[in-house]
Amino acid sequence: MLEIDIEKSLRDFDLQLRLDVNQGQTLMLVGDNGCGKTTLLNLIAGLDRPDRGRIALDGRPLFDSDLGIDLPPEARGIGYVFQSYALFPHMSVYDNVAFGLRARKMPEEDIDRRVKKHLKEAGLWEIRRAKAADVSGGQKQRVALARALIIEPKLLLLDEPLCALDVRRQAAMRSELRETIRACGVPCIIVTHDLRDVVSCLLERGRVAMRGRAEDVAVWGGDQE
Amino acid sequence: MVLFGEGGLTELANQENETIGIAVASRSRLREIALKAGLGLLLALAMAFIALPVLALFLRSPLPSIAEALHDPVVIDALRLSLMTSSITTLIVVIMGTPIAYVSARFSYPGKELADSLIDLPVIMPPAVAGIALLMAFGRMGLAGHYVSSFGISIAFTTLAVILAQVFVSSPFYIRQARTSFEDVDIALENAARTLGASRTRTFFYVILPIAMNGLLSGAIMAFARSLGEFGATIMFAGNFQGRTQTMPLAIYTAMQGDLDVALCISIILVAFSFAVIVLVKVLTRRVYKRC
């Protein structure tokens with residue numbers, strides 16, 4: 001379970017958030033550009049630092065301003081799929097997926113076995129030798145997801161995972177993504193612009209404006225105009 | 001008197017418009033031709049201005065005399081010293097300059113603007129001024145040299161002085177290029193590596209460095225070439241002693257006062273080397289990784 005209770009002063013507003021995401025639950029964050037969605041993911045991942053508060057994962061504090069705890073990103077065990085996918089362009093698809101395991105100094109045979117499994121499941125085995133920069137948008141998304149999942153994260157963060165794909169690919173990848181997230185069974189936070197995704201939480205200027213279904217959020221947006 | 005109907009007037013107007021259109025089109029074509037000819041002439045003049053002195057160097061020194069000069073002890077000493085000092089200088093500049101360039105590209109700290117300006121200063125500082133400044137700092141009576149000489153170590157007018165002068169003038173060439181290369185590496189790649197479990201050091205060596213490598217290599221080559229051609233700061237701070245501080249440019253200067261042929265031959269070797277460096281830099285900088 002992920003518990004968040006943090007505050008951070010940003011340039012235009014103060015981010016104040018209190019959220020819980022249970023095991024196997026997916027929280028979708030929707031909001032205008034600059035409302036603090038990506039900042040929240042970066043704060044959870046340890047790429048940015050809250051001013052005060054607490055972030056805990058399965059009871060273990062990742063950040064606690066009172067206790068002076070601030071784990072670096074590499075010690076948090078969080079899988080993060082970036083908006084641009086952030087694949088390493090000088091590495092092959094295989095090496096991208098193996099990167100996290102090599103960072104953990106895992107034996108090469110174990111790495112090979114695991115990478116093979118993940119690449120086959122994601123339908124990427126045939127292109128394992130291709131440079132990450134040379135594969136299609138949909139394949140990049142799968143590589144990024146496989147790379148984040150292979151480290152067996154305790155939490156999954158996805159920042160606009162479908163926005164770099166064309167509309168036709170988005171529909172197919174949306175259901176594929178849903179299946180993969182469901183299968184891995186960890187808490188997941190997805191940042192999206194797309195109300196076709198199931199919405200449960202809407203952020204506005206650093207605060208949770210509402211929780212609910214997509215239709216409710218759409219109606220709420222209309223009421224504000 | 002000829003009377004035109006409405007249709008005739010329109011036709012006449014159309015013909016007039018067509019004539020005006022043709023005139024405008026031919027005028028604009030003429031302007032375009034003149035512009036192209038002007039630019040071509042400018043390019044040819046610029047090429048000639050650069051190529052003529054280089055060509056003159058080659059025409060004035062026949063091949064046998066170049067081969068002969070390569071056996072001259074002055075040339076051999078100068079070539080050996082130049083290659084040795086420039087290689088050591090490049091190594092020092094890369095080892096010290098890489099972390100500086102990375103910090104400058106990625107972090108903000110108080111006085112960053114001042115530090116960056118200080119790093120760039122030797123580029124615009126006249127080399128002779130750089131030589132005097134080094135002498136005032138590391139000479140026997142200099143600010144730092146005073147302390148060093150109390151341990152019986154002398155820096156000025158030694159091979160070490162040649163290296164220090166080269167490091168001083170060539171380091172900005174590497175650091176500026178390296179800084180740009182690091183800035184070009186998408187910060188998301190660094191963040192991705194960290195969330196995947198890589199430490200800062202591992203991220204630097206496995207992700208950032210390989211992506212920035214082409215830029216770093218071309219920066220190192222530029223620094224090497226600048227060291228090879230260094231003259232002003234070296235002659236002021238290290239002097240001009242054969243085998244000890246007399247690098248290729250200093251040997252050219254010395255030879256000019258006696259044997260012009262030797263000066264020409266050393267110059268040709270330097271030109272050939274510089275040209276090879278430029279080609280290498282162009283080839284290396286062409287290979288850039290596509291962003292994912």
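Computed from a prediction, not measured in an experiment: that's the story for all the values here.

## What to know about the overall build of chain B
Helix and strand counts for chain B come out as 12 helices and 0 strands. Reading chain B from its N end, one meets helices and strands in the order α-α-α-α-α-α-α-α-α-α-α-α. Across its three principal axes, chain B shows a C-alpha extent of roughly 110 × 65 × 35 Å. Contacts in chain B between residues far apart in sequence, at least 24 positions, make up 76% of those at least 6 positions apart.

## Brief notes about the domain arrangement of chain B
Residues and elements named next belong to chain B. Taken domain by domain, chain B comprises domain 1 (1-60) and domain 2 (64-286). Computed over C-alpha atoms, the centres of domain 1 and domain 2 are 49 Å apart. Listed by partner, the interface residues are 4 residues for domain 1 and 4 residues for domain 2.

## Looking at the confidence of the model for chain B
Mean pLDDT over chain B: 87, with 92% of residues reaching 70 or higher. Predicted complex, confidence summary: ipTM 0.85, pTM 0.79.

## With respect to the pairing of strand 1 (residues 2-9) of chain A
Residue and element names in this part refer to chain A. Burial of the side chains of strand 1 is restricted to one face: Leu2, Ile4, Ile6 and Lys8 are buried, whereas none of Glu3, Asp5, Glu7 and Ser9 on the reverse face is. Hairpin connection, strand 1 to strand 2 (residues 14-21): the antiparallel pair is bridged by 4 residues. Bridging between strand 1 and strand 4 (residues 52-57) involves 6 bridges; their strand directions are antiparallel. Opposite glutamate 3, over in strand 4, you have alanine 56 as the bridge partner.

## Remarks on the nonpolar core
One finds Leu157(A), Ala165(B) and Ile266(B) to be the most contacted residues of the largest nonpolar core, which totals 121 residues. Not counting the four nearest positions on each side in its chain, Leu157(A) is found in contact with Leu41(A), Ile44(A), Ala45(A), Ile78(A), Gly79(A), Tyr80(A) and Ile189(A).

## Some points on the interface of chain A and chain B
Contact with chain A, which involves 23 residues of that partner, is made by 19 residues of chain B. Of all elements in the fold, only strand 7 (78-81), helix 2 (93-103) and helix 4 (137-149) of chain A reach the threshold of two or more residues within the side of chain A that touches chain B. Residue classes in the side of chain A that touches chain B are distributed as 16 nonpolar, 3 polar and 4 charged.

## Things to note about the pairing of strand 2 of chain A
Sheet topology note: the strand 1 of chain A/strand 2 of chain A ladder contains 8 bridges and is antiparallel. Each bridged residue has a counterpart across the sheet, and for Glu3(A) the counterpart in strand 2 of chain A is Asp20(A).

## Regarding the sheet that holds strand 4 of chain A
The strands making up a sheet associate through backbone hydrogen bonding, with each pair oriented either parallel or antiparallel. Read across the open sheet, the 5 strands follow the order 2-1-4-5-6 (chain A); overall the sheet is antiparallel. The outermost strands of the open sheet, each flanked by one partner alone, are strand 2 and strand 6 (69-70) of chain A.

## Digging into the environment of Ala45(A)
If you trace the backbone, Ala45(A) turns up in helix 1 (residues 37-45). Its 23 C-beta neighbours within 10 Å are what place Ala45(A) among the buried residues. It is 8.9 Å that separates the C-alpha atoms of Ala45(A) and Glu74(A), two residues lying 29 residues apart in sequence. Discounting residues that sit within four places of it in the chain, Ala45(A) has contacts with Pro73(A), Arg76(A), Ile78(A), Tyr80(A), Leu157(A) and Thr195(B).

## Details of helix 8 (residues 187-195) of chain B
The buried fraction of helix 8 of chain B amounts to 7 of the 9 residues, a majority that puts the element mostly inside the structure. For helix 8 of chain B, the complete set of buried residues consists of Leu189(B), Glu190(B), Asn191(B), Ala192(B), Ala193(B), Arg194(B) and Thr195(B). In this structure, the buried residues of helix 8 of chain B make contact with helix 1 and strand 7 of chain A together with helix 9 (200-228) of chain B. Following helix 8 of chain B by one or two positions, Gly197(B) adopts a phi angle in the positive range, close to 110°.

## Quick notes on unusual backbone geometry
All names here are of chain A. A positive phi angle, close to 50°, is found at alanine 86, a residue other than glycine. Among the structural elements, alanine 86 can be located in the loop between strand 7 and helix 2. For alanine 86, a count of 28 C-beta atoms within 10 Å puts it in the buried group. Even without being a glycine, glutamate 160 presents a positive backbone phi close to 45°.

## Quick notes on the environment of Asp70(A)
Residues and elements named next belong to chain A. Relative to the elements of secondary structure, aspartate 70 occurs in strand 6. Expressed as a C-alpha distance, the spacing of aspartate 70 and proline 50, which sit 20 residues apart in the sequence, is 9.5 Å. Among residues more than four places away in sequence, those in contact with aspartate 70 are Arg49 and Phe63.

## Considerations on the packing of helix 2 of chain A against helix 4 of chain A
All names here are of chain A. Where helix 2 contacts helix 4, the axes come no closer than 7 Å and their chain directions differ by 25°. On the basis of their axis angle, the class for helix 2 and helix 4 is roughly parallel. Our pair here, helix 2 against helix 4, has a crossing hand that is right-handed. Touching Val93, Asn96, Val97, Phe99 and Gly100 of helix 2 are Val143, Ala146 and Arg147, all from helix 4. In terms of residue class, the contact of helix 2 with helix 4 is made up of 5 nonpolar, 2 polar and 1 charged.

Reading guide: rules and limits
- Numbering of residues starts from 1 in every chain and runs along the sequence as written.
- Each chain takes a letter, starting from A, and each ligand takes a number, starting from 1, following the order in which they are written.
- For this predicted model, a pLDDT threshold of at least 70 governs which residues receive local features, and a threshold of 80 or more governs which side-chain atom pairs are given and counted, while totals over whole chains, interfaces and linings are taken from all residues.
- Secondary structure counts use DSSP, requiring at least four H or I residues in a row for a helix and at least two E residues in a row for a strand, with both numbered from the N terminus.
- What counts as a contact here is a pair of residues whose C-beta atoms, placed from the backbone, lie within 7 Å.
- Boundary definitions for the domains trace back to an automatic or database domain assignment.
- pLDDT measures how confident the predictor is about each residue, on a scale from 0 to 100.
- To sort residues by burial, count the other C-beta atoms lying within 10 Å of each one's C-beta; a count of 20 or more means buried, 12 or fewer means exposed, and anything in between means partly exposed. C-beta atoms are built from the backbone.
- One requirement defines pairing of two strands: DSSP has to find at least two bridges between them.
- Each nonpolar core reported here comprises buried Ala, Val, Leu, Ile, Met, Phe, Trp, Tyr and Cys residues connected via C-beta atoms within 7 Å.
- Three classes are used: nonpolar for Ala, Val, Leu, Ile, Met, Phe, Trp, Tyr, Cys and Pro, charged for Asp, Glu, Lys and Arg, and polar for all others, with Gly counted as polar.
- As a rule, the C-alpha atoms of each element are fitted with a line to give its axis, helices using only the stretch in contact, and angles between N-to-C directions run from 0 to 180 degrees.
- Working rule for angles: under 35 degrees goes down as roughly parallel, over 145 as roughly antiparallel, 65 to 115 as roughly perpendicular, anything else as oblique.
- Crossing handedness is read from the near helix: turned anticlockwise from the far helix by less than a right angle, it gives a left-handed crossing, and turned clockwise, a right-handed one.

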